[in-house]
Structure formats: structure tokens, C-alpha cells
Amino acid sequence: MRKLFSFIKFDNEGFTPEKKRAALYALSSAAFAGLGYVLQKNFIKGFIYMAVELAFILLFAFWGGSALNGFGTLGTVSMRDHSLVFMVYGILALIILGAFVCFWVSNILGTYRLSIKLSKGEEEERDWKTALKEWLHDRTALLFLTPGLIAVALGILLPLVFSICLAFTDYDAAHQPPLHILNWVGLKNFKDLLVLGQYAKTFFGILGWTVIWTICSSVFPYALGILLAVLLNNPHLRCKKIFKFIYILPWAIPGYISLLVLQSMFDTGYGLINQILDVFGIPGVPWLTSTTPARIALILVSIWTGFSFPMMLSENIIKNIPKEVTEAARLDGASSSRVFLSIIMPYLMFSISPIFIMGFAGAFNNFNTIFLVTGGYPLNINYQSAGSTDILITWLFRLTITNNKYNYGAAISLILFIFIAIFSIFNLRKTRAFNEEISE
């Protein structure tokens, strides 16, 4: 808003007649979108803005107002009003309202800037055909991006806001619309999860394992991938293509198949791993029926399914490192470890850091590995509707699908979203790749 009204000055100094006239045009566009453009004889743009505002007024007169009212009440009569439908319509109305506010602000700023340009002779008055042609030329990118923006709003923003809203309602097995009208309960669900009773104990227990799982399933695959990439770039290594082919297979095979095969291999009774241990006289390990072995098995599975991509990425980055740099370091007496730490790793981190951060965020929500390998088991009697290998995303699944605790599930998803968003944005801004792109 400060930017919007930056042209208004309450002292006489610097408030020239040109700026005063531009401010009046801008205020006329604030009263009704496009009016300032029409007054400046830019009829095409002015009529387009007017048509959009008129459509917005009609939409909210016949639908938007009632949609916002329904969003506030979530219905009044059971078996007639469906709270979830009211919520969706209300969110859609809020998205449209937000888009119109952005449109309205751009209309005011555009009117002011056009007046300043006309007063300085930087903009010439043109006939409507020329103006329309230039406007279409300048807005080509916007016209092509708008359908995708609408699709994102409907396919991503709407479900995201809907999930956030559910976190502040009492939507559970006892409150199922349309039989019951949902109620806004504020922060009660978050208080139950973070402070009170068995749910709080379960939440923090699962959160601890989720953090361990995320770190291990992110760091170890990348560490192994980088190590293999360095070894594959050894000039004395023969049959490189065969090794690359073998190491790429875990990534090439569909993850669903790999996870099911690995799950059977870790089976306590007939699994291949325990049969191999039995050959060497080692007792079988209860991989999927005991907490610690099950967690170790999950980490091993994540390493196996996750090292191929960082290996291929690192291997190609190492190939592109100028040989003159590494040869000069070796001539100066640098050891292989020093060359790796001082030259190869900085190159790798520059390119890999953003991808690693995204992979870390993905590991936090790695539903498939947990669900297909252990299913969250073994059960934990100290947890509420959760097993010892459940992470937050799989516990969320149990709460919503099995126990119909949609409010708690939505609250957990919101906590996950906030944590991952803060972590990703903070760390991406610290990477060299991000900072160099901004500086350019």
C-alpha cells in the first residue's frame, strides 16, 4: 500500500502540477477501474479495465457475496447446507477477490505512470488500433501465462487453502457434513496436537523419527552417489559403462516395484537377507517387526533407491571441471583428498545444493517408502493410531483415512507445509547458485 500511495505528498515541495494531475487520474481509476485511462484517451485499455470490474461487481452481486457469507458460517441448516461445499465456494470467492485487488492496484499504478509519461513526452497519444496492437504485443507473455495461472489457482492454491481451513474446524468422525454443520474452532486442533494428551506425545515422538529419517534418507544417498561418481571418474578404472549401467538400474526401475521387492527381501521369515545371514550362521533379524531394525531397513532402502540420481548428476559435473585446475593443484603438491575437498566439492555443491534441498523437502514427505516397506509398523502402544516407523505424512494418512480425523490431519499438513517452506526458502537463499542468479 505504501507503493500504491507513494505519489501522494502532503507538502507542496515536489508536488508538481504534472504529479497532481497524475494523482487525480489515479484516484479516478481507484473509483472505477479504467476511468483514468479513458480520461487520458487510452480507450482500449480503459474499457478493458472497466469490463473486468463490471464483471467482478456482477459476479459478487449474484454469487460472491453469498459465497463469502457461507464461508463465514459454514451453513446454518443441517442436511441442507453442506459445510465443505460452502468452504470451497468461499475460498474460490476469496481467490477471485484477491486477484481483483491485485488487478485494481495495477490499474491505479498504471494510470499514474501513463499520465507522468504523457506529461514528459515519453508516451504519445495513438489511435485505438495502434494502441491495441502495441498492448497485445507488450502483454503477449501475460496472455499465454494467464491460463496456466488459473490452472495453478484451481489445482494447487484452492486445495491448499481448503486444507488449511480444515485445520481450524471440528471436521472429524463425529462431525460429518451435511448431517452436521462444521464449526470454526480456532487453534484447538493445534493445541491438542502440540500440548494435550496422547496426541501430543505421538506427534513429538513421530516428529523426532521424521527428522532422523529425513536427514539419513537425504544425506546418505547423496554421499554414496558422490563417492561413486568420483570413483567412476578415475582414469584408471576400466569397464566404466558396465558399472554405470548397474548403478543406474535402481533409478531406472519403477519405484513401486523396487520397494515391494525390497520389502520381501527384508521379510523376517522368508526374506532373502535373513536367508543369507543364516548361511553364515547369523541369527535372523526381525527387520519389519522390531522398531530399530525396521528403521535401519527403511534407511537402507532409501539409500538403495536414492543414490543413482545424485551419482549421475555428480559424475557429469565432475567431467565438466576444467582439467587444468585439478592438474595445477596436483603440480602444487595437493593430495587427492585435498583436490576433492578444495576443488571438486565446491563445484559439486554449487550445482547440487538446490537439488539437495528440494530432495530434503521431498524426503520429509516420502510417503511411498514408509507405506510400501513397513506400512508404519510395528505398532507402538504409546502412540495414538501410529506405528514406530510412521513419519508425519503417514500418520496424517492414518488419521484421515482410518480414523476420520480430518481436522488433525489438516493441522499436521499445515505444520509440515510451514516447516518445509521455511527450511527450503531459507536454505535456497543461502546457496551460491541462487545468489548468483539474483545478482545477474
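Look above for the structure.
What counts, and where the lines are drawn
Residues numbered from 1 in each chain as written. Predicted model: local features only at pLDDT ≥ 70, side-chain atom pairs only at ≥ 80, totals over all residues. Heavy atoms only, no water. Helix = DSSP H or I, 4+ residues; strand = E, 2+ residues; numbered from the N terminus. Buried < 20%, exposed > 50% of the residue type's maximum accessible area, 1.4 Å probe, protein only. Polar contact = N/O pair within 3.5 Å; in protein donor to acceptor, adjacent residues only side chain to side chain. Contact = heavy atoms within 4.5 Å. Expected span 1.5 Å × (residues − 1). Salt bridge = Lys/Arg side-chain N within 4 Å of Asp/Glu carboxyl O. Axes fitted to C-alpha atoms, helices over the stretch in contact; angles between N-to-C directions. Left-handed = near helix turned anticlockwise from the far one by under 90°. Nonpolar A, V, L, I, M, F, W, Y, C, P; charged D, E, K, R; others polar. Bend = angle between axes of the 7 residues up to and from the residue. Phe/Tyr/Trp six-rings, centres within 6.5 Å; stacked < 30°, edge-to-face > 60°. Lys NZ or Arg CZ within 6 Å of the ring centre and 35° of its normal.

**A short note on the side chain of Gln-40**
One can find Gln-40 in the loop between helix H2 (35-39) and helix H3 (43-73). Residue Gln-40 is classed as buried on the basis of its relative accessible area, which comes to 7%. For Gln-40, the side chain forms a polar contact with the main-chain oxygen of Thr-111, separated by 3.4 Å. Engagement of the side chain of Gln-40 in a polar contact is seen with the backbone nitrogen of Ser-115, the distance being 3.2 Å. Excluding residues that lie within four positions of it along the chain, Gln-40 makes contacts with Tyr-25, Thr-111, Leu-114, Ser-115 and Leu-118.

**Considering helix H4 (residues 83-120)**
When the terminal C-alpha atoms of H4 are compared, their 55 Å separation across 38 residues agrees well with the 56 Å that a helix rising 1.5 Å per residue should span. After H4 finishes, the residue Gly-121 shows a positive phi value of roughly 80 degrees.

**Concerning the pattern of salt bridges**
Overall, the coordinates contain 5 salt bridges when judged by the stated rule. Residues Lys-188 and Asp-192 are paired through a salt bridge, measuring 3.0 Å at the closest nitrogen-oxygen approach. One end of the pair, Lys-188, and the other, Asp-192, are both in helix H7 (residues 188-194), 4 residues apart, so they sit about a helical turn from each other. Note that Arg-398 and Asp-390 form a salt bridge whose closest N and O atoms lie 2.7 Å from each other. Each of the two residues, Arg-398 as well as Asp-390, counts as buried. The network of salt bridges with shared partners includes Lys-244, Glu-315 and Lys-319.

**Considerations on the environment of Asn-316**
Examined against the element boundaries, Asn-316 turns out to sit in helix H13 (residues 308-319). In the structure, Asn-316 is positioned 32 residues away from Leu-348 in sequence and 9.8 Å away in space, judged by C-alpha atoms. Only 2.7 Å separates the side chain of Asn-316 from the backbone oxygen of Met-312, close enough to count as a polar contact.

**A word on the packing of helix H8 (residues 197-232) against helix H12 (residues 291-306)**
Put simply, H8 and H12 touch, their axes get as near as 8 Å, and they point 35 degrees apart. Handedness of the H8/H12 crossing: right-handed. Taking contact as the criterion, the partners of Trp-209, Trp-213, Cys-216, Ser-217, Phe-220, Pro-221 and Leu-224 in H8 are, on H12, Arg-295, Leu-298, Ile-299, Ser-302, Ile-303 and Gly-306. Its residues assigned to classes, the contact of H8 with H12 comprises 9 nonpolar, 3 polar and 1 charged.

**Re unusual backbone geometry**
Look at the link from Pro-177 to Pro-178: it is a cis peptide, with omega at 5 degrees. Locating Pro-178 in the fold gives a position in the loop between helix H6 (140-166) and H7. Residue Pro-378 follows Tyr-377 across a cis peptide bond; omega there is 5 degrees. With respect to the helices, strands and loops of the structure, Pro-378 is situated in the loop between helix H16 (367-373) and helix H17 (392-402). Here the phi dihedral of Met-79 falls at roughly 70 degrees; this positive angle occurs in a residue that is not glycine. Within the secondary structure layout, Met-79 lies in the loop between H3 and H4. On the accessibility criterion, Met-79 (58% relative accessible area) is exposed. The phi dihedral of Ser-385 is positive, around 60 degrees, even though this residue is not glycine. Of note, Ser-385 is situated in the loop between H16 and H17.

**Some thoughts on H6**
An α-helix turns once every 3.6 residues. As a result, residues three or four positions apart point the same way. Across its 27 residues, H6 extends 38 Å between first and last C-alpha, which sits within 8% of the 39 Å expected from 1.5 Å per residue. If you look at H6, its biggest bend is around 35 degrees, right at Ala-153. Residues of H6 that are buried include every one of Ala-153, Leu-158, Cys-165 and Leu-166, and no others. Buried residues along H6 sit against H3, H4, H7 and helix H18 (406-430).

**A look at the packing of aromatic side chains**
Overall, the coordinates contain 25 aromatic pairs when judged by the stated rule. For the pair Phe-56 and Phe-60, a centre-to-centre distance of 4.6 Å together with 35 degrees between the ring planes defines the contact as tilted. Of the two residues, Phe-56 and Phe-60 both sit in helix H3, 4 residues apart, roughly one turn of that helix. Of the two residues, Phe-56 and Phe-60, neither departs from the other in class, the shared state being buried. When the centroid spacing of 6.5 Å and the interplanar angle of 20 degrees are considered together, the rings of Phe-243 and Tyr-247 count as stacked. Highlighted residues: Phe-243 and Tyr-247, both in helix H9 (residues 240-252), separated by 4 residues, approximately one helical turn. Each member of the aromatic cluster is reached from another via a ring pair, and the members are Tyr-37, Tyr-49, Phe-56, Phe-60, Phe-100 and Phe-103. The cationic tip of Arg-398 hangs over the ring face of Tyr-377; the distance from NZ or CZ to the ring centre is 5.1 Å.

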